Amino acid sequence: MSDLLGILFVLTGIAFFAAGSIGVLRLPDLHSRLHALTKADNLGLGLLCAGLAIIDGGALNAVKLFLVWVLVLAASATAAHLIAQQALRQADK
Amino acid sequence: MMAVQLWQLLDLLLAGLTLGLGWAAVSGPDLRRSVVFFIAFGLLVAVVWARLRAPDLALAEAAIGAGLSGALLLSALRDEPDAETSDDVRGGPVAALVSLAGLALAAAFAWVMIHTLGAADPVRLADQITAQLPNSGVGNPVTAVLLNFRAYDTLLELAVLLAAVLGILALGPARTPYRAAGPLLDGLIRWLVPLLILTAGYLLWAGAHAPGGAFQAGAMLAAAAVMLRLGGHTIAGLPRPPMQRILLTAGIAAFVLVGVITTGLGLAFLQYPGGWSGGLILLIEAAATLAIATTLALAYIGGRPAGWVSEGSADTTTKIGGRD
Amino acid sequence: MTTTTQILLASTALLLLTLGMGLARAMIGPSLQDRMLSVQLLGTGGVAVLLLLSPLLAIPALVDVALVLALLAAVAAAALTRREVDDV
């Protein structure tokens, strides 16, 4: 069943989100938290989008989901860098 | 677990998170911290609207509540770098009074909700709207209500926005601009601003048959202006002040023009002639989008941009202190 | 309700729980940037929740809302990280 594969992807995606949240809570330093956050969330969202695309089956929807994922990749990577740069500037003051 | 319990769990989580974020936004002395929580609150409320089957509201909340309001609050905080709410406001008699008033309001609201939602034979407006939808010229019921059935209300809303921005413009010149962005922020702006403008156009077009519309599209354009301003482009993508004035009044002008023409044709004010509804609605929405975008962008800029007052006339606000 | 829909529903609830966990960092801090990164998590997580709600509520437009949310979260991040030192 293709639904089974889709569900598997979705659940793995959620697991990566959970890993990201745990990383944000447990890691000792802002920069390591940022690293965990962006890596886990981008992969989590990617797997989630892949799973939903498989479950839904439509081509247009799959393209839309892929675009949303690429957008979030670019935006969250830039945001993480911006936050890290600001933290470094604060530390230098 | 059964489906109903799962939905209830989901709703409980959403409600709990919303309340928690809302409380966190107003607690604590550090105002920057409060703004961060406020932005998070806005993002979450957008999800709540989606859960409540209101995608139009979710779009508006994401654009205005999360993005623009957050940027406006941060812009206000720029003037006070170490802003904290003063101790005599926190926990004093004023806070107690406000809390009591809030509780009373919540109790009244709950009473109204219980009585209306539990009513025996309610009259649902949604049924009436759905019945009239084919006559409205659009397929999206929200757009039909805003731009056709209650078009007069939307005209007055645009007038309220205009009054607000006139107030802001009367306060003084624009806020201090930012310096030019570094490569990172510049790179973000280069793809984000075109994408925001494109999405605004899409939302305006799609508003006729899918969630979207003038307010959402205008807010997206304003977000693009905010991004440009943050990156050091002082004019934030706006045209020159004479054009800004035209754009500010474009929405109201379109509405009034259409209304006057329909009155001249013998119909009521803003009663669209048969078959023309769809086209007229799109026209008015396009004008309203530009008006809303310019209004919100000028509100973010915080005052009169450079060149607002023409060369010959005197700008008296800066001279008030020096007059005798 | 099909099994797939039930699992998607459970996943959404789980995801919200995870986001709540991540927001604990926003409460604790200690620095402002820690709270900002928590908001980033909520932004990406919010996009994920919207994408899951789209098939669950049968509202295809929620994918558009997810797109808009992602864009505006980027705008919010840019606004948060520009400080007074960046004045002209």
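Residues numbered from 1 in each chain as written. Chains lettered and ligands numbered in written order. Predicted model: local features only at pLDDT ≥ 70, side-chain atom pairs only at ≥ 80, totals over all residues. Heavy atoms only, no water.

Draft legend 1. Fine view of the overall build of chain B. Helix and strand counts for chain B come out as 11 helices and 0 strands. Principal axes of the C-alpha set define a box for chain B whose edges measure 65 × 60 × 45 Å. Within chain B, the proportion of its 324 residues that are buried is 43%. A fraction of 73% describes how many contacts in chain B between residues 6 or more apart in sequence connect residues 24 or more apart. In the form shown here, chain B has an accessible surface area of approximately 16800 Å², with 69% of it arising from carbon and sulfur atoms. Charged side chains of chain B number 17 positive and 19 negative; the gap between the two group centres comes to 6 Å. (Helix = DSSP H or I, 4+ residues; strand = E, 2+ residues; numbered from the N terminus. Buried < 20%, exposed > 50% of the residue type's maximum accessible area, 1.4 Å probe, protein only. Contact = heavy atoms within 4.5 Å. Areas by Shrake-Rupley, 256 points an atom, 1.4 Å probe, with all protein chains shown as cover. Lys, Arg positive; Asp, Glu negative; His and termini not counted. Charge placed at Lys NZ, Arg CZ, Asp CG, Glu CD.)

Draft legend 2. How the structure looks around the packing of aromatic side chains. Residues and elements named next belong to chain B. This model, assessed by the stated rule, comprises 2 aromatic pairs over all chains. Over the aromatic face of Tyr178 sits the side chain of Arg78, whose NZ or CZ is 3.9 Å from the ring centroid. One cation-aromatic arrangement involves Arg245 over Trp308; the distance from NZ or CZ to the ring centre is 4.5 Å. (Phe/Tyr/Trp six-rings, centres within 6.5 Å; stacked < 30°, edge-to-face > 60°. Lys NZ or Arg CZ within 6 Å of the ring centre and 35° of its normal.)

Draft legend 3. Summary view of the domain arrangement of chain B. All names here are of chain B. Along its sequence, chain B is organised into domain 1 (1-89), domain 2 (92-120) and domain 3 (140-324). When each unit is reduced to the centre of its C-alpha atoms, the spacing between domain 1 and domain 3 is 25 Å. In this assembly, 13 residues from domain 1 lie in contact with 18 residues from domain 3. A buried area of about 1300 Å², summed over both sides, lies between domain 1 and domain 3, and 65% of it is on carbon and sulfur atoms. On inspection of domain 1 and its partner domain 3, the count reaches 0 salt bridges. (Domains from an automatic or database assignment. Buried area = accessible area lost by both parts, 1.4 Å probe. Salt bridge = Lys/Arg side-chain N within 4 Å of Asp/Glu carboxyl O.)

Draft legend 4. Fine view of the nonpolar core. The biggest cluster of nonpolar side chains holds 115 residues, and the ones touching the most others in it are Leu45 of chain A, Leu196, Met220 and Met227 of chain B together with Val47, Leu51 and Leu72 of chain C. When residues of this core are assigned to domains, at least three map to each of domain 1 (1-89) and domain 3 (140-324) of chain B. Beyond its immediate stretch of four places on either side in the chain, Leu51 of chain C contacts Leu45, Cys49, Leu52, Leu65 and Val68 of chain A together with Val63 and Ala66 of chain C. Core analysis: the second largest hydrophobic core is formed by 29 residues, Leu158, Leu162, Ile281 and Leu298 of chain B among them. (Core = buried A, V, L, I, M, F, W, Y, C linked by side-chain atoms within 4.5 Å.)

Draft legend 5. Molecular detail of the interface of chain C and chain A. With 39 residues of chain C in contact, the opposing surface of chain A contributes 38 residues. A buried area of about 3400 Å², summed over both sides, lies between chain C and chain A, and 75% of it is on carbon and sulfur atoms. When the area that chain C buries against chain A is broken down by residue, the three leading residues are Arg25, Gln33 and Leu37 of chain C, summing to 17%. Between chain C and chain A we count 2 salt bridges in total.

Draft legend 6. Molecular detail of the pattern of salt bridges. Residue and element names in this part refer to chain B. Here the structure, examined in full by the defined rule, presents 5 salt bridges over all chains. One salt bridge in this structure joins Arg150 and Asp153, with 3.2 Å as the shortest N-O distance. Look at Arg150 and you get partly exposed, because its relative accessible area is 46%. Residues Arg190 and Asp186 are paired through a salt bridge, measuring 3.2 Å at the closest nitrogen-oxygen approach. Within this pair, Arg190 and its partner Asp186 are both found in helix H8 (residues 183-206), separated by 4 residues, close to a single helical turn.

Draft legend 7. Representation of the interface of chain C and chain B within the structure. Across the boundary between the two partners, chain C contributes 47 residues, which contact 57 residues of chain B. Each partner contributes to the roughly 4700 Å² buried at the junction of chain C and chain B, and carbon and sulfur atoms together form 80% of this total. The interface formed by chain C and chain B contains 0 salt bridges. Put simply, chain C and chain B have 4 residue pairs in polar contact (both at pLDDT 80 or more) between them. Elements with a minimum of two residues in the side of chain C that touches chain B: helix H1 (3-28), helix H2 (32-57) and helix H3 (62-81) of chain C. Take the side of chain C that touches chain B: its biggest share by element is 14 residues, from H3 of chain C. Looking at side-chain class alone, the side of chain C that touches chain B contains 35 nonpolar, 5 polar and 7 charged residues. (Polar contact = N/O pair within 3.5 Å; in protein donor to acceptor, adjacent residues only side chain to side chain. Nonpolar A, V, L, I, M, F, W, Y, C, P; charged D, E, K, R; others polar.)

Draft legend 8. Quick look at the confidence of the model for chain B. Residue and element names in this part refer to chain B. Chain-level pLDDT for chain B is 87 on average; 92% of the residues reach the 70-or-more range. Here helix H5 (residues 125-136) stands out as the least confident element of chain B, with mean pLDDT 87; helix H9 (residues 214-230) is the most confident, with 95. Every residue in residues 319-324 scores below 50 in pLDDT, and together they form 2 contacts with partners more than four places removed in sequence or on other chains. (pLDDT = per-residue confidence, 0-100.)

Draft legend 9. Representation of the packing of H9 of chain B against helix H11 (residues 277-301) of chain B within the structure. Residue and element names in this part refer to chain B. The N-to-C vectors of H9 and H11 enclose an angle of 35 degrees; their axes lie 7 Å apart at closest approach. Two packed elements cross with a definite hand, and for H9 against H11 that hand is right-handed. On H11, the residues that touch Ala214, Phe215, Ala217, Gly218, Ala219, Leu221, Ala222, Ala225, Val226, Arg229 and Leu230 of H9 are Glu285, Ala288, Thr289, Ile292, Ala293, Leu296, Ala297, Tyr300 and Ile301. Of the residues contributing to the contact of H9 with H11, the split by class is 16 nonpolar, 2 polar and 2 charged. (Axes fitted to C-alpha atoms, helices over the stretch in contact; angles between N-to-C directions. Left-handed = near helix turned anticlockwise from the far one by under 90°.)

Draft legend 10. Quick peek at the environment of Ala101 of chain B. Residues and elements named next belong to chain B. Considering the arrangement of structural elements, one finds Ala101 in helix H4 (residues 93-117). Ala101 sits in the partly exposed class, given a relative accessible area of 47%. Sequence separation between Ala101 and Ala253 is 152 residues; the distance between their C-alpha atoms is 40 Å.

Draft legend 11. Local environment of the packing of helix H10 (residues 241-264) of chain B against H11 of chain B. All names here are of chain B. The interhelical angle for the contact between H10 and H11, taken along N-to-C directions, is 150 degrees, at an axis separation of 8 Å. By the angle between their directions, the pair H10 and H11 is classed as roughly antiparallel. Considering the relative orientation of H10 and H11, their crossing is left-handed. On H11, the residues touching Gln244, Leu247, Leu248, Ala250, Gly251, Ala254, Phe255 and Val258 of H10 are Leu280, Ile284, Ala287, Ala288, Leu290, Ala291, Thr294, Thr295 and Leu298. (Parallel < 35°, antiparallel > 145°, perpendicular 65-115°, else oblique.)

Draft legend 12. Up close: a nonpolar patch on the surface. Residues and elements named next belong to chain B. A cluster of nonpolar residues, Tyr152, Leu156, Val256, Val260 and Phe269, forms a patch on the protein surface that exposes about 450 Å² of accessible area. Those elements giving two or more residues to the nonpolar patch turn out to be helix H7 (151-171) and H10. With respect to the secondary-structure elements, Val256 resides in helix H10. (Patch = residues over 30% accessible without salt bridge, like charges linked within 9 Å, V, L, I, M, F, W, Y side chains within 5 Å.)

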